[in-house]
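Close look at the chain arrangement
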Amino acid sequence: YSREGLKYAKSLDESLLKLKLLYPERKIRIPVVIHNYTILSNGYVALAPKRMELFPTPEQDGIPLDTREQLTTHELTHVEQMASLNSGFTRVMSVIAGEEFTGAVAALLPFWFMEGDAVFAESVLSPSGRGRTASFQKEMKAIALEQPKMFSYDKMVAGSFRNEVPDHYQYGYQMVTWALAKYGPQLWNKTLDITARVPFIFNPVNYSLRTNAGITKAGLYRETFDSLRVLWKREEESVIPTIYEPVNPPKKKEYINYYSPVFAGEDSLIAIKTSFFNTPEFVLLRLSDRSEKRLFTPGSIYPFVFSFAAGQIAWVEERPDPRWENREYRVIMIMNIKERSFRRLSPKSRYLAVALSEEGNMIAATENSVENENSIVILNSYTGEIINKILVPGNAFPQRPCWSADGKSITVTTLSEEGEGILAYSLDSKTWKTLVVPARNDLSASFLRNDSLYFVSSVSGTDNIYLKTPGAEIMQITNSRFGAGDPSLSGGMMAFSDYTSSGSNISIARINDSHTFSYSESKNQSYLINRFDTIKTEAKIVSTDVYKPVRYRKMGHIFGIHSWMPLYADIEQIKSDPATARPGVTIMSQNLLSTVISTIGYEYASDKTSRIHTRVTLQGQYPVLESQLDYGANPVIIKTKSSDPDLQEVSSYFTFTNTVYVPLRFSAGRFSQYFQPALSSSYSNSYIYRSDKKVYDIGQNKVTGRFYFMNYSLSSVRDIYPKWAQVIDYAYTFYPDDKALYGNISTLKTALFFPGFINNHSIKLRYESEVQNPVKFILANRASFPRGYNNIISQKLQLYSADYYLPIAYPDLNIPLAFYLKRIRGGAFYDYAEGTKNSHFYSTGRVDINSKESFRSFGGELLADFYILRIPFMISAGVQASWKNTTEPPVVEALFSVDLMGMKVGRKPFQRGY
C-alpha cells in the first residue's frame, strides 16, 4: 500500500494544517495504521495506546467528498480533541497514570459533541462533508416536521428499542454547528479546556456551557431543534412537496424501511425490508392489496441494494476472514426465485455492488483492490468466470452499476477528488462517456433507458429523482418531502423509496403524468454549515513535505508501554468486578499492530504479602499464544490430616500458565460460526501431603484441552438472544504428573436457542454433563447445578434446563439527567439435574452421599436496561428468584452487568440492521 500510503501521509498533513483554523496550533504526533484489506470506509482514534486506525475502502453510498480527505479530516479532529485535553489537571494525572487517564476524561465529553464536532470540521474545511448532504439530516428533519414533538434529550443520547432515534453523528452535528454559529467560534475550545483542567467537577461540559453561553446540554438540544423546525417549515412552505401514497403494507406505528424496489411483474415488486423486530429480508409485495410475503433472509448486506433480472436476484454479502479481524471480503450471491436455489459466485472477492444484465447471463460488479485500484468487472452469472475487467478513468471510485435496457452500456456514479459524477461505459466501442460532470451534489443511483438518464441527486437540498433527456435537458421527476431514491422503471411506471419519519415507503409514479420541475442549484439555508465560510478551492492548503517510505520492522516495535495505574488490577477481572483492585501498581503495554499485549503488576495483598503478576498475549501468528506468571503469594499447603507434619521451609507460591488457541470465525448467509480449539497447561508449586509415601508432593501440572463451537443467526435490534443458535463447549482436564492425586474431569456444555411464541421472544435449552474420576481430591464442577443450589460437588452430573426470555416493555422513561429506562425484560426457567456421589459442603463440615440425587428448581428473572447520569454505557440490573419447591422461600439473587465499550472515538456507525 506504499503508493496510497504516501497519499494518506500528504492528506493527513494537509488536513492538520486546515484544522489549525479551528484548534489552537500545537505539535501533534500520532501513529496511523491503515487497514487496506478491509472492505469498510471507517476510522477511529484510540487511547492506550494512542493511535489512529483507518479503513480506506470507499463506500457505495458515500458523499461527494474524496474518502481520503474525509477520513483524515474527521479522525484528526478527534486527535485535536484528545490533544486539547492534555492540559491542567489531566496532563498532570496522565504523567502519573498514563494514557488511560486521558481516555477516562474523554468519557466526560458526550459522544454527540465529539462526532458532531468532527462532522462540522469535515464540512467546513471542505467543499462537501456530511453537513452538506440531504441524506444526513433527513431523519432529524422528518421527526421535527411529522412528529408532534421532538424526542427528549435523554432519549436521543440513550437511544430506544421502540422508536428510530438518529445517531449521535446526526443530532450532534446540528447541535455543535448551531452553538458555534450563535455563541461564537471558541465555545467548544473553551469546553475542552475546562474539561481538561477541572474534570473532577460534576459535569464539566454543562459547567462550561452555562459559563460561556448560559445554557445546558439539554437546553442546547431543545434550542437547536426548535430553531431548525422553524427553518425546515419555512423551507417546506416555499417548496410545497408532493405527498406520495405508499404501496407497501401499513406499518402500525412501527419504524420500517423498504429499500431498492424493483418490478417483478404487473402486480408485484421485490424490495429489501428492515425493521426493529426482524433482520433485513427480501420481500415480495403485491400492489393490488398491499400485501407482502417474505422471500428469504440474506446474510450481512449493506448498503441495502440489489439487482433483479430474468427471475434472479443478485447482491453482495460480507464474509469475514476466518482468522484475521481486519480482513473481510464481499462476495456475489444469486438467488433463482422460481427454483428457490442459491449460489455464491465469488469466494474471496472485493466486489462492492452488482448489476444483472437484462437476460440475466452477465453481471457487472464494482471492485476495489487492496492497492486501491478501481474497476468494473463483467462476469458470467452462472460460472463466475471474469469476462472483462475495465479500469475506471482517473481511478475514480465506481458506485451502483446498472445496465442499460439494450445491454450495450453500463452506468456508474463515480467518486473522485472533484466530487460525484456519472459515467457510462460502452461495451461496443469500449469507451467511457461522461453523463454528469463530477460536482458536490450527492448522487446515489443512475441508469439509462431509451438514451435518457435517470439519477438521484441532492441538488435541491432534498434527494430527488431527475431525468436527463438525449437533448441534455434536465428535469426533476419527484418532489419528495424528505428524500426519494432507488428508482426502478417498468414501462411508464416508476417505483421508488420515499422517506418518512416511520421509515422509507415504496411509492409509484407515472413518468408521463409526473409534473416536472426545473433543475436549478440553490444554496439551501436550512443547512447550518452555510452560515460559515468554507476554504476556497483555489486557496487549498497543500503540504510541501517530501515523504520517504521506511519499512516498518515488527521486531523493533514489540512493546509499547502506554498506561500505568497506582493499583493492581487484572484488566479482565476489573471489568466485571471493580472490587478486585488491590494496592500496588500495574503497567500495560500494547504494540501498534495489537499483536503483542502485555501487563506486569505488583500487588500488596490483603494477607500482607507481595505478589508479581505478568501476562503476555501474542496474537500475530495463526495460533494465539498466551502466558501468565503469578509469583509471591503464601504457598498452598494441603494436609490430609491435622497430624501431618509441618513444612519447615517453603518457597513462594507461583503459577505458570500457557495457553494456545485458534479463534476462527465463518459466515454463510444469515448464519455465522465461531470455532476455537484450545490447549492450556498450568503449573503451580503447591505442597500436598502424600500419606502413602509420607512426603509432600511439590508442584502440580494441569493440562486442559477445550473445543468451543457456536453457530448463530443474525439478530434484530429487539432480539435479546439470537433466534437460532447452537453452542457446544467440551473440555477435558488431566494431571499427567500427579495421577496419584488427581483424576481427570470431562465436561460437555450445550445450548440451543429457538424463536419464542412471539417475535423477539427466545427459548433456550441447555444440556450439561460432567464426569470426573477423583483419586484423592475432587475438583469443583464446571457443569452447572440448578439455580439456587450452591456448595455441592458431584462426581457425575447431568443438567437439563429450559429458559424463556421476553421483552416486557420499552418505556423510554426518563428522569432528566439522573435516569433513563430503555427496556424491561424478563424470563422464566426450569432446571433439573441428577448427580451421583455428591459432596455437600456446610458450615459445619462436609457430607458425602454416594447414591444418585436429583435437584430441581424453577423461577424467573426481571431485569431493566437503563442509563444513569447520562453515562453512555447501558446497565442491565434486576433480580432472579428460584424455588426448589413451593413450600420453601425462594433464593433471590441480584443480576448486574454493564455494556462497556472501548474508548474509541471517530468510528462511523456500522449499520444497525434496520
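What you see is a predicted model; the values in this text were computed from it and never measured.

A few words now on the overall build of the protein. Within the protein, the secondary structure is distributed over twelve helices and 47 strands. Relative to a compact globule of 914 residues, whose C-alpha radius of gyration would be 29 Å, the protein shows 31 Å and is just as compact. In terms of its C-alpha atoms, the protein occupies a principal-axis envelope of roughly 105 × 65 × 55 Å. When burial is assessed residue by residue, the protein has 53% of its 914 residues classed as buried. Sequence-distant contacts in the protein: of pairs separated by 6 or more residues, those separated by 24 or more amount to 55%. As presented, the protein carries roughly 41500 Å² of accessible surface, and 55% of it is formed by carbon and sulfur atoms. The positive charge centre, built from 101 side chains, and the negative charge centre, built from 91, are 3 Å apart in the protein.

In this model, helix 6 (residues 134-146) (13 residues) spans 17 Å end to end at C-alpha, consistent with the 18 Å of a helix rising 1.5 Å per residue. At Met 140, helix 6 is bent by approximately 35°, the largest bend along its length. Where helix 6 is buried, its residues touch helix 5 (111-124), helix 7 (153-158), helix 8 (168-183), helix 11 (217-239) and strand 25 (493-500).

Turning our eyes to something else, we now look at the packing of helix 1 (residues 2-19) against helix 2 (residues 67-84). Remark: helix 1 packs on helix 2, axes separated minimally by 9 Å, with the N-to-C direction vectors making an angle of 50°. As judged from the angle between their axes, helix 1 and helix 2 are oblique. At the point where helix 1 passes helix 2, the crossing takes the right-handed sense. Here Glu 4, Lys 7, Tyr 8, Ser 11, Leu 12, Ser 15, Leu 16, Lys 18 and Leu 19 of helix 1 come into contact with helix 2, specifically with Arg 68, Glu 69, Leu 71, Thr 72, Thr 73, Leu 76, Thr 77 and Glu 80. For the contact of helix 1 with helix 2, the residue count by class is six nonpolar, five polar and six charged.

Another aspect to go through is the pattern of salt bridges. Taken as a whole and assessed by the stated rule, the structure comprises 39 salt bridges. In this structure, Arg 787 and Asp 831 form a salt bridge, with 2.8 Å as the shortest nitrogen-oxygen distance. Remark: Asp 831 occurs in strand 43 (residues 819-842) and Arg 787 occurs in the loop between strand 40 (762-772) and strand 41 (792-809); sequence separation between them is 44 residues. On the basis of relative accessible area, Arg 787 is assigned to the buried category, the value being 16%. Assessed through its relative accessible area of 0%, Asp 831 is described here as buried. Its salt-bridge partner being Asp 865, residue Arg 823 comes within 2.8 Å of it at the nearest N-O pair. Highlighted residues: Arg 823 in strand 43 and Asp 865 in strand 44 (residues 845-868), separated in sequence by 42 residues. Take Arg 823: its relative accessible area is 6%, and that puts it in the buried class.

Quick look at the sheet that holds strand 11 (residues 341-344) now. For sheets, the rule is that strands pair by backbone hydrogen bonds, running either parallel or antiparallel. Ordered in space as 8-9-10-11, the four strands form an open sheet in which the pairing is antiparallel. Pairing within the sheet leaves two strands with one partner each, and these edge strands are strand 8 (307-309) and strand 11. Adjacent strand axes in the sheet meet at a mean angle of 30°, parallel and antiparallel pairs treated alike. Looking at chain direction, strand 10 (residues 328-336) and strand 11 are connected through four bridges and run antiparallel. What sits directly across from Asn 336, in strand 11, is Ser 341.

The subject of this paragraph is a nonpolar patch on the surface. Taken together, the side chains of Ile 561, Val 585, Ile 587, Ile 600, Tyr 602, Tyr 604, Ile 612, Leu 629, Tyr 631, Phe 656 and Tyr 683 define a hydrophobic patch exposed on the protein surface, amounting to about 920 Å² of accessible area. The biggest single contributor to the nonpolar patch is strand 30 (residues 596-604), with three residues. Inspection of the secondary structure puts Ile 612 in strand 31 (residues 610-618). On the basis of relative accessible area, Ile 612 is assigned to the partly exposed category, the value being 35%.

The residue Asn 203 is located in the loop between helix 9 (187-197) and helix 10 (204-213) in this model. If we ignore the near neighbours within four places in the chain, the residues touching Asn 203 are Lys 217 and Leu 817.

Look at helix 5: 20 Å from first C-alpha to last across 14 residues, which is about the 20 Å you get at 1.5 Å a residue. Helix 5 sits mainly inside the fold: 13 of its 14 residues count as buried.

Time to look at the environment of Ile 363. Looking at where Ile 363 falls in the secondary structure, it is placed in strand 13 (residues 362-368). Sequence separation between Ile 363 and Ser 381 is 18 residues, and the spatial gap between their C-alpha atoms is 5.7 Å. Not counting the four nearest positions on each side in its chain, Ile 363 is found in contact with Ala 314, Ile 332, Ile 334, Leu 345, Val 354, Ala 355, Leu 356, Val 377, Ile 378, Leu 379, Ser 381 and Trp 403.

Next up on the list: the pairing of strand 9 (residues 312-320). By the criterion of burial, strand 9 is predominantly enclosed, with eight of the nine residues buried. As judged from the three bridges shared by strand 8 and strand 9, these two strands associate in the antiparallel manner. Within the sheet, the bridge partner assigned to Ser 307 lies in strand 9 and is Ala 314. Between strand 8 and strand 9, which follow one another and run antiparallel, lie two residues, and Ala 310 among them has a positive phi close to 50°. Pairing analysis gives nine bridges linking strand 9 to strand 10, with the strands arranged antiparallel. By the bridge assignment, Val 316 is partnered in strand 10 with Ile 332.

Ranked by internal contacts, the top residues of the largest apolar core, which has 70 residues, are Trp 112, Trp 188 and Phe 225. Tallying contributions element by element places helix 8 first for this core, with eight residues. When sequence neighbours within four positions are dropped, the list of residues in contact with Trp 112 reads Asp 117, Tyr 153, Val 157, His 168, Tyr 171, Gly 172, Met 175, Val 176, Trp 188, Lys 217 and Leu 220. Counting 16 residues, the second-largest nonpolar core is a separate cluster that includes Tyr 244, Leu 467, Met 475 and Phe 496.

Turning next to the packing of helix 2 against helix 5. Direction vectors running N to C along helix 2 and helix 5 enclose 135°, while the axes themselves pass 8 Å from each other. As far as their axial angle goes, helix 5 and helix 2 are oblique. The two elements helix 2 and helix 5 cross, and the hand of that crossing is right-handed. On helix 5, the residues that touch Gln 70, Thr 73, His 74, Thr 77, His 78, Gln 81 and Met 82 of helix 2 are Phe 113, Met 114, Glu 115, Asp 117, Ala 118, Val 119, Ala 121 and Glu 122. Looking at side-chain class alone, the contact of helix 2 with helix 5 contains six nonpolar, six polar and three charged residues.

Parameters and conventions
Residues numbered from 1 in each chain as written. Predicted model: local features only at pLDDT ≥ 70, side-chain atom pairs only at ≥ 80, totals over all residues. Heavy atoms only, no water. Helix = DSSP H or I, 4+ residues; strand = E, 2+ residues; numbered from the N terminus. Rg over C-alpha atoms; globule rule 2.2 N^0.38 Å. Buried < 20%, exposed > 50% of the residue type's maximum accessible area, 1.4 Å probe, protein only. Contact = heavy atoms within 4.5 Å. Areas by Shrake-Rupley, 256 points an atom, 1.4 Å probe, with all protein chains shown as cover. Lys, Arg positive; Asp, Glu negative; His and termini not counted. Charge placed at Lys NZ, Arg CZ, Asp CG, Glu CD. Expected span 1.5 Å × (residues − 1). Bend = angle between axes of the 7 residues up to and from the residue. Axes fitted to C-alpha atoms, helices over the stretch in contact; angles between N-to-C directions. Parallel < 35°, antiparallel > 145°, perpendicular 65-115°, else oblique. Left-handed = near helix turned anticlockwise from the far one by under 90°. Nonpolar A, V, L, I, M, F, W, Y, C, P; charged D, E, K, R; others polar. Salt bridge = Lys/Arg side-chain N within 4 Å of Asp/Glu carboxyl O. Pairing = 2+ DSSP bridges. Patch = residues over 30% accessible without salt bridge, like charges linked within 9 Å, V, L, I, M, F, W, Y side chains within 5 Å. Core = buried A, V, L, I, M, F, W, Y, C linked by side-chain atoms within 4.5 Å.

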